Amino acid sequence: MDVFEGKSWISGQGLVNTCIGVDEGKITAVKKILKGDNHTKFEGIILPSAFDMHVHFRDPGYPHKEDWKTGSECAAAGGVTAVVDMPNTNPFTSDLETFNDKVSTASSKSVVDFGVGVNVEKDLTEQTWFDTIPAAFWKLYPYGISSAEYFSYAKEVLDKTSKPLVIHGEHPDHMHNEPLNELSDHTQNRLIAEPECLASMPSSPYLHVAHLSTLEGLNRMPKLASSEVCPHHLLLNLDNCHSLDCKVDPPLRTKKDNSGLYDAFREGKIPILSSDHAPHTIEEKRSDNPPSGLPGVETMIPLMLNEVSEGRLELSRLVNAMSEAPAERLGLDRGRISEGMPADLIMIDMKNSKPIDLDKLHSKSNWTPFEDWPAIFPSQVYRRGELIAESGEIRQEGGGQNLF
Ligand code: DOR
Ligand code: ZN
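Caption draft 1: Summary view of the environment of Phe-42. Mapped onto the elements of the fold, Phe-42 is located in strand 4 (residues 38-48). Setting aside its immediate chain neighbours within four residues, Phe-42 contacts Phe-4, Glu-5, Gly-6, Met-347, Gln-380 and Tyr-382.

Right, dumping it as structure tokens:
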């Protein structure tokens, strides 16, 4: 048995001086004193690692932007040991064959554990495999379809599914494409897309709204549905971010939206933190027709740990939003430091806040909207008891497993 000793986050108790016993990747004991074959004492704090249920690792299809190796290395270095990949790869993940292909690629290349989201297509619920394919969830995008189709697909899946339907909450009729001269033009093009979409979505406990971006959208959340928010919609707005590089869907908004969403996040009304890691190369971002999306899986936890250290967020809320709540939402028993859980742990020195250095990040996109922002990166990251990252260096090749 390996033993990790330190001030550890125990749900319901908070930070407690304890020993964590780990055997074959699982936590087998949590006790004041434990003897094991390898005993490592940590000076900082030990938290459950994060589970990011919203990433785009671009594999298959766009290996110049990211792939399962580089995307998962970003995750590992940033304290995320499990992710769910979105289906807008090429080909889209929309049937059993594309699902199995992606699982097989991820199994051979990913250093973190993973799940795969499957795209909602016309006639999805007629598929013989619907709700038997081990997708992490269904994903519905508002692109290339009418609003009538968008809402009827959502309703049909919600009526028939027994797993979450994640929607991109923007109304197809309210996403305009007027030319962009500055970042605020993109926001203007989609000013009411989110609240209009959410006001028309059916209430369902299976519905999950991705990347909430507006206060008005929050107010229109369908009853019984859950939601997530990304660091860029909590921390960036049209006042502190002007670059067209920061074009993202849904767009950046105002300081007032940031603070309204942040309050709801603090109170747990928005239960889940996700990154929407959506890398594009800087050449693509600077082209005449820049794609939407920001990289973020590597900086999400470090930025939010800095928020905790500056007193703007409770550690209990961060741990819940990054580890416990996403696991629970997707029906997985993990994300806590307790007996029987996978030994997915991050070690943190809360005093080690440093400006984000682009050269140390692992994404192929090779840029970040958070360059020089203060952040606290984990010193060690363990996936099922194995050290996979240490001070930003990757310590393992592959080894990630499908969790679903
Ligand atoms: O900004 C975005 N980029 N929003 C999305 O929903 C998709 C993503 C992407 O895949 O690039
Ligand atoms: Zn996304």
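Caption draft 2: Layout of the coordination of the zinc ion (ligand 2). Only His-54 (NE2), His-56 (NE2) and Asp-276 (OD) from the protein reach the zinc ion (ligand 2) as donors, at distances of 2.0 to 2.1 Å. One chain supplies every donor for the zinc ion (ligand 2), spaced along it as H-x1-H-x219-D. Note that His-54 is positioned in strand 5 (residues 50-55) and Asp-276 in the loop between strand 12 (272-273) and helix 9 (282-285), a separation of 222 residues in sequence. Neither His-54 nor Asp-276 differs from the other in exposure class; each is buried.

Caption draft 3: Molecular detail of the sheet that holds strand 12. As summarised here, the arrangement of the eight strands in space is 5-6-7-8-9-10-11-12, forming an open sheet in which the pairing is parallel. Each edge of the open sheet is held by one strand with a lone partner, namely strand 5 and strand 12. One ladder, built from three bridges, connects strand 7 (residues 113-119) with strand 8 (residues 137-140); its direction is parallel. Note that in strand 8 the partner of Asn-119 across the bridge is Lys-139.

Caption draft 4: Spotlight on the site of ligand 1. Around ligand 1, a shell composed of His-56, Arg-58, Asn-88, His-168, Val-248, Asp-249, Ala-278, His-280, Ser-292 and Gly-293 is seen. Within the contact set of ligand 1, an oxygen atom lies 2.8 Å away from a backbone nitrogen or oxygen of Asp-249. In the model, an oxygen atom of ligand 1 is placed 3.2 Å from a nitrogen or oxygen of the Gly-293 main chain. Coverage of ligand 1 by the protein amounts to 93% of the 290 Å² it exposes when considered alone. Its atoms largely coinciding with the cavity grid, ligand 1 occupies the largest pocket. When its residues are assigned to classes, the shell around ligand 1 shows two nonpolar, six polar and two charged.

Caption draft 5: Quick peek at the pairing of strand 1 (residues 2-10). One ladder, built from six bridges, connects strand 1 with strand 4; its direction is parallel. Paired with Glu-5 across the bridge in strand 4 is Lys-41. Taken together, the nine bridges between strand 1 and strand 2 (residues 14-23) define a ladder with antiparallel strand orientation. Counterpart to Ile-10 in the pairing with strand 2 is Gly-14. Following strand 1, the chain reverses through three residues before pairing antiparallel with strand 2; Gly-12 in that reversal takes a positive phi of roughly 85 degrees.

Caption draft 6: Main features of the state of the cysteines. Inspection of every chain in the model, using the stated rule, returns zero disulfides. No disulfide involves Cys-74; its sulfur sits 16 Å from the nearest other cysteine sulfur, which is in Cys-230. Classification of Cys-74 as buried rests on a relative accessible area of 0%.

Caption draft 7: Broad picture of helix 1 (residues 68-77). Within helix 1, nine of the ten residues are buried, leaving the element largely enclosed by the surrounding structure. Taken residue by residue, helix 1 has Trp-68, Thr-70, Gly-71, Ser-72, Glu-73, Cys-74, Ala-75, Ala-76 and Ala-77 as its buried positions. Gly-79 lies just past helix 1 and shows a positive phi near 90 degrees.

Caption draft 8: Inspection of the side chain of Ser-365 at higher detail. Here Ser-365 shows up in the loop between strand 14 (354-355) and strand 15 (374-375). Residue classification places Ser-365 among the buried positions, given a relative accessible area of 1%. At 2.8 Å, the side chain of Ser-365 and the side chain of Ser-363 are in polar contact. Setting aside chain neighbours within four positions, we find Ser-365 in contact with Lys-65, Pro-279, His-280, Thr-281, Ile-282 and Pro-295.

Caption draft 9: Fine view of the sheet that holds strand 18 (residues 393-394). Spatially, 3-2-1-4-13-16-17-18 is the arrangement adopted by the eight strands of the open sheet, whose pairing is mixed. The open sheet has two edge strands, strand 3 (26-31) and strand 18, and neither has a second partner. Direction of pairing for strand 13 (residues 345-348) relative to strand 16 (residues 380-383): antiparallel, over a ladder of three bridges. Directly across from Ile-346, in strand 16, lies its bridge partner Val-381.

Caption draft 10: Up close: the packing of helix 10 (residues 300-309) against helix 11 (residues 315-329). Between helix 10 and helix 11, the shortest axis-to-axis distance is 9 Å and the interhelical angle comes to 160 degrees. Taken together, the axes of helix 10 and helix 11 are roughly antiparallel relative to one another. In this structure, helix 10 crosses over helix 11, and the sense of that crossing is right-handed. Residues Ile-301, Met-304, Leu-305 and Val-308 of helix 10 touch helix 11, and the partners they reach there are Leu-315, Leu-318 and Met-322. Taken together, the residues of the contact of helix 10 with helix 11 sort by class into seven nonpolar, no polar and no charged.

Caption draft 11: A look at the layout of surface pockets. Considered as a void within the structure, the largest pocket measures approximately 740 Å³ in volume. Lining the largest pocket are 33 residues, with Tyr-143, Arg-190, Asp-249, Pro-291 and Ser-292 positioned closest to its centre. Empty space within the second largest pocket amounts to approximately 390 Å³. In this structure, the second largest pocket is lined by 16 residues; those nearest its centre are Lys-354, Lys-360, Phe-377, Ser-391 and Gly-392. Classifying every residue of the lining of the second largest pocket by side-chain character gives seven nonpolar, four polar and five charged.

Conventions used here
- Chains are numbered independently. Their residues run from 1 in the order of the written sequence.
- Written order decides the labels, with chains lettered from A and ligands numbered from 1.
- Totals for whole chains, interfaces and linings use every residue, but because this is a predicted model, local features are given only for residues with pLDDT of at least 70 and side-chain atom pairs only at 80 or more, for both listing and counting.
- Just so you know, side-chain values use all the structure's heavy atoms and leave hydrogens and water out.
- To qualify as a helix, a DSSP run of H or I must reach at least 4 residues; to qualify as a strand, a run of E must reach at least 2; elements of each kind are numbered from the N terminus.
- Throughout, a contact is declared for two residues whenever any of their heavy atoms are within 4.5 Å.
- Water is not part of the atom set, so a site may look incomplete; the donors themselves are N, O and S atoms within 2.8 Å of the metal, or 3.2 Å for Na, K and Ca.
- Exposed residues in this analysis have more than 50% of their type's maximum accessible area, buried residues have under 20%, and partly exposed residues fall in between, with area computed by a 1.4 Å probe over protein chains only.
- A pair of strands is labelled paired if DSSP reports no fewer than 2 bridges between them.
- If a single non-hydrogen atom of a residue is within 4 Å of a molecule or strand, that residue counts as near it.
- Pairs of N or O atoms are called polar contacts if they sit within 3.5 Å, as long as, within protein, a hydrogen donor faces a hydrogen acceptor (for residues adjacent in sequence, only side-chain-to-side-chain pairs).
- Working definition of accessibility: Shrake-Rupley area with a 1.4 Å probe, residue cover restricted to the visible protein chains.
- Only protein atoms enter the calculation, which uses a 1 Å grid: trapped sets of points that fit a 1.4 Å probe without letting it out are cavities, open sets showing protein on both sides within 12 Å along at least five of seven lines are pockets, and any residue with an atom within 4 Å of a point is a lining residue.
- More than half of a molecule's atoms lying within 2 Å of a cavity's or pocket's grid points is what places that molecule inside it.
- By the convention adopted, Pro, Cys, Tyr, Trp, Phe, Met, Ile, Leu, Val and Ala count as nonpolar, Lys, Arg, Asp and Glu as charged, and the other residues, Gly among them, as polar.
- Here, a disulfide means two cysteine sulfur atoms that sit within 2.5 Å of each other.
- To get an axis, a line is fitted to the C-alpha atoms, and for a helix only the part in contact is used. The angle between two axes follows their N-to-C directions and goes from 0 to 180 degrees.
- If an angle is under 35 degrees, it is roughly parallel; if it is over 145, roughly antiparallel; if it lies from 65 to 115, roughly perpendicular; otherwise it is oblique.
- Crossing handedness: left-handed means the near helix sits turned counterclockwise from the far one by under a right angle, and right-handed means the same turn made clockwise.
- Grid points are joined across faces, edges and corners, and a volume is the space filled by probe spheres set on the points.

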